[in-house]
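What the coordinates show
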Amino acid sequence: MLKVRFAPSPTGYLHIGGARTCLFNWLYVRKLGGKFVLRIEDTDVERSKTEYLEEILESIKWLGMDWDQIHYQSQRFDIYREYAQKLIDEGKAYKKDGAVFFKYTFSEIKINDLVRGEIMFNELPKEEEVIIKSDNSPTYNFSCVIDDALMEINCVIRGEDHISNTPKQILMYEGLGFKVPEFAHLPLILSPSGGRMSKRFGATSIREYKQDGYLSQAIVNYLLLLGWAPGDNREIISLDEAKNIFDIKKVNKAGAAFCMDKLNWVNSEYIKNKNIKDLTQDVINYLQSKEFLPQDIDSNYVQKVVELFQGRMVKLSDLLDWGRFCFYDDYAYSEETKDILDKNLSKEVSVLMEKFSSMDSFDKDAIEKEFRNAAQGLGLKTRDLVHPVRVALTGRKVGPGLFETIEVLGRQEVVKRLKRLCEYWEN
RNA sequence: GACCCCAUCGUCUAGCCUGGUUCAGGACACCGCCCUUUCACGGCGGCGACGCCGGUUCAAAUCCGGCUGGGGUCGCCA
């Protein structure tokens, strides 16, 4: 049976690279069938934090993935020491300065890699490796090998940065008498400029993207595209579908630069294509997490607002500023509306208000008809009336379609805001 | 520096394994036009790549070698 694992270290939040490694493991095992093990590599007690652990698990779930088993290395120290002792007894390791060193002789090592094919090592920089530190805790390479063997992991999918660890790990498998698993080394995700992913490049943790208004489905989809393509030119692929068509042999070998523009595009696609109920729920959750929504807000109203912005939103956070006028009327007319506000249309706007007040039904089609008639009757081009009205209602020069906006805000609110503009002109 | 990996438009990629159907297809970004009450959406069009040099071959983006460039690793971190 296929068994793979994702082995995060809870010394930081789940970042983009880790999320993709997790994703490719998950896709591979869910497609072929098998078990997915989550192994928490918390051997560095100093740096490991439960806060990080919780966030990592939460992020994985949020992205839509699950696991079959979870293990914690911090609970397995006895096992590592036991195997270290075994190696000492067999003369393959020795103790020095309180640490245990694994000795190896080296000829050449061949890795058969699922994404890269054969990788040959002709020499190694050292002839021994610490496996148990002097504080009695295991080193990464040792606990990793012991656990992968004991947990019967037969395919190790991890980042390319582990390629150079692989030969010494293979030597350990052999020294311990374990079967060597298959390996698949994924290309690294590079910073937007193509260099090393660094702290300089801001948001790299999944939680930050979530807080920034990205949809989990969009992040997963984008990550999927970083190093893999279905081959038929499609870009929008759900996790569920990816599960069926993913092929690890088609993963690229070259590192991929992270592109925010493309992520944004994918996110906007998901926003556009999501059904309104689900999107509204996402929006409500998001806006609540930002403590943005007024206390007594009606979810039907939020849905109306979401409909207004669905086609023009890139991130949910766009609602925080572009959609603010839908929830608050405390805005000031922005600086760039000055040229529109220069023309006093107080009389015309008043006429419009009258018309609005006397309408029977206040839906967008009726509003549009009434609005156009009013403009014509006043000898104005529609746009000459549209612009100031938009400023009145939103405080801005740009926004969603005006007639829909009027419908969403409702007659009472619209009239109130139009009055405010007239007062502005009169003073 | 040593070891290892990689190399198609600015970016993500298809094609490369099984050489000719490709003066290289798609997407993002960018530019232009159309639609239009603004901004977007959408539609149409444009710009733009096989890193270089050699070899193999009738024929190379596709196979081989070198060079160059980028990346990774060289911790009693993981």
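Residues numbered from 1 in each chain as written. Chains lettered and ligands numbered in written order. Predicted model: local features only at pLDDT ≥ 70, side-chain atom pairs only at ≥ 80, totals over all residues. Heavy atoms only, no water.

1. Thoughts on the domain arrangement of chain A
The cut-off we apply is this: In this entry, domain limits derive from an automatic or database-based domain assignment. Any pair of residues with heavy atoms lying within 4.5 Å of one another is described as a contacting pair. Buried area adds together the accessible area that both of two parts lose upon being put together, with accessible area traced by a 1.4 Å probe. Salt bridges are counted wherever a side-chain nitrogen of Lys or Arg sits within 4 Å of a carboxyl oxygen of Asp or Glu. Between N or O atoms, a polar contact is any pair within 3.5 Å; within protein, one atom must be a potential hydrogen donor and the other a potential acceptor, and residues adjacent in sequence are included only when both atoms are from side chains. When residues are sorted by character, Ala, Val, Leu, Ile, Met, Phe, Trp, Tyr, Cys and Pro go into the nonpolar class, Asp, Glu, Lys and Arg into the charged class, and all the rest, Gly among them, into the polar class.
With domains assigned, chain A is organised as domain 1 (3-73 + 188-264), domain 2 (76-186), domain 3 (274-326) and domain 4 (335-426). Domain 1 and domain 3 are separated by 27 Å when their C-alpha centres are compared. Contact residues are listed per partner, giving eight residues for domain 1 and eight residues for domain 3. For the pairing of domain 1 and domain 3, the buried interface totals around 630 Å² over both sides, and the portion due to carbon and sulfur atoms is 51%. On inspection of domain 1 and its partner domain 3, the count reaches one salt bridge. With its nearest N and O atoms 3.6 Å apart, the salt bridge here joins K315 to D212. For the pair domain 1 and domain 3, the interface holds four residue pairs in polar contact (both at pLDDT 80 or more). A class-by-class count of the residues in the side of domain 1 that touches domain 3 yields two nonpolar, four polar and two charged.

2. Regarding the packing of aromatic side chains
Stated formally: To pair, rings of Phe, Tyr and Trp, with the six-membered ring standing in for Trp, must have centres within 6.5 Å; the planes then decide the type, stacked if under 30 degrees apart, edge-to-face if over 60, and tilted in the middle. Helix and strand labels come from DSSP, where a helix needs a run of H or I of at least four residues and a strand needs a run of E of at least two; each type is numbered from the N terminus. Partly exposed describes any residue whose relative accessible area lies between the buried limit of under 20% and the exposed limit of over 50%, with all areas from a 1.4 Å probe on protein chains only and scaled to the type maximum. Counted as over-ring charges are cases with an Arg CZ or a Lys NZ within 6 Å of the ring centre that also lie within 35 degrees of the ring normal.
Here the structure, examined in full by the defined rule, presents 17 aromatic pairs. Ring centres of F77 and Y80 lie 6.3 Å apart, and the angle between their planes is 55°; this geometry places the pair in the tilted category. Of this pair, F77 and Y80 are both found in helix 3 (residues 77-89), three residues apart, which corresponds to roughly one turn of the helix. Side by side, F77 and Y80 carry an identical accessibility label, which is buried. When the ring of F292 is compared with that of F327, the centres are 5.6 Å apart and the planes differ by 80°; the resulting orientation is edge-to-face. With a gap of 35 residues between them, F292 in the loop between helix 10 (276-289) and helix 11 (299-309) and F327 in the loop between helix 12 (318-321) and helix 13 (338-341) connect regions that are remote in the sequence. Judged on exposure class, the residue F292 and its partner F327 are both buried. Linked through ring pairs, Y209, Y214, Y222 and F258 together constitute an aromatic cluster. Between R20 and the ring centre of F24, over which it is positioned, the NZ or CZ distance is 5.3 Å.

3. Quick notes on the nonpolar core
Soluble, globular proteins show a tendency: their nonpolar side chains are buried together. What counts here: To qualify as a nonpolar core, a set must consist of buried Ala, Val, Leu, Ile, Met, Phe, Trp, Tyr and Cys residues joined through side-chain atoms within 4.5 Å.
Counting 108 residues, the largest nonpolar core has F356, F371 and I406 as its most contacted members. No other element matches the nine residues that helix 1 (residues 16-32) contributes to this core. Once residues within four sequence positions are removed from consideration, F356 is found in contact with F362, I367, F371, I406, R411, V414 and L418. Judged by nonpolar contacts, the second largest core, of 32 residues, contains V100, V145, M151 and I163.

4. Details of the side chain of N267
Assignment of secondary structure puts N267 in helix 9 (residues 260-273). Judged by its relative accessible area of 0%, N267 is buried. Here N267 is in contact with G213, Y214, L215, A218, V314 and K315, once residues within four sequence places are set aside.

5. Overview of the packing of helix 15 (residues 364-377) against helix 16 (residues 382-394)
To keep things clear, this is the line we draw: Axis definition: a line fit to C-alpha positions, over the contact stretch in the case of helices; interaxial angles, taken between N-to-C directions, run 0 to 180 degrees. Rotating anticlockwise by less than a right angle from the far helix to the near helix defines a left-handed crossing, while the corresponding clockwise rotation defines a right-handed one.
At a minimum axis distance of 8 Å, the contact between helix 15 and helix 16 shows a crossing angle of 115°. Seen from above, helix 15 lies across helix 16 with right-handed handedness. In this structure, helix 15 contributes F371, R372 and A375 to the contact, and helix 16 contributes T382, L385, V386 and V389.

6. Focus on the environment of W67
Looking at where W67 falls in the secondary structure, it is placed in the loop between helix 2 (50-62) and strand 3 (69-72). Take W67: its relative accessible area is 22%, and that puts it in the partly exposed class. Along the backbone, W67 and A257 are 190 residues apart, and their C-alpha atoms lie at a distance of 28 Å. Beyond its immediate chain neighbours, meaning those up to four positions away, W67 contacts R30, F36, L38, L57, I60 and K61.

7. A closer look at the sheet that holds strand 8 (residues 128-132)
Backbone-to-backbone hydrogen bonds join strands into a sheet, with any given pair of strands oriented parallel or antiparallel. Rule in force here: Only when DSSP finds a minimum of two bridges between them are two strands counted as paired.
What the three strands build is an open sheet, ordered 4-5-8; its pairing is antiparallel. The sheet is open, and its two edges are formed by strand 4 (93-96) and strand 8, each paired on a single side. On average, each strand axis in the sheet is inclined to that of its neighbour by 35°, with strand direction left out of account. Of the pairings in the sheet, the one linking strand 5 (residues 99-103) to strand 8 comprises four bridges and is antiparallel in character. Bridged to V100 within strand 8 is I132.

8. A few points about the protein's contact with RNA strand B
Basically, it comes down to this: To be near a molecule or strand, a residue needs just one of its heavy atoms within 4 Å of it.
Near RNA strand B you find 61 residues, and of these R116, K133, S134, R312 and G399 are the closest. Counting only atoms of RNA strand B within 4 Å of the protein, the sugar-phosphate share comes to 73%. Backbone polar atom of S134 to a base oxygen of RNA strand B: 2.6 Å apart, as the coordinates give it. Within the contact set of RNA strand B, a base nitrogen lies 3.2 Å away from a side-chain nitrogen or oxygen of N233. Elements with a minimum of two residues in the surface near RNA strand B: strand 7 (117-121), strand 12 (256-257), helix 9, helix 16 and helix 17 (402-409). Ranked by residues supplied to the surface near RNA strand B, first place goes to helix 9 with five residues. Partitioning the surface near RNA strand B into residue classes produces 22 nonpolar, 18 polar and 21 charged.

9. Comments concerning helix 18 (residues 411-426)
Let me state the cut-off plainly: For a helix, the expected span equals 1.5 Å multiplied by the number of residues minus one. Note: the arc covers the axis-to-C-beta directions of the helix.
Between its first and last C-alpha atoms helix 18 spans 22 Å; for 16 residues at 1.5 Å apiece the expected length is 22 Å, and the two agree. The set of residues buried in helix 18 consists of V414, V415, R417, L418, L421, C422 and W425. On an axial view of helix 18, the arc spanned by its buried residues comes to 165°, and they lie on one face. Turned more than 90 degrees away from the buried face of helix 18 sit Q412 and E426, all of them exposed. Where helix 18 is buried, its residues meet helix 13, helix 14 (346-357), helix 16 and helix 17.

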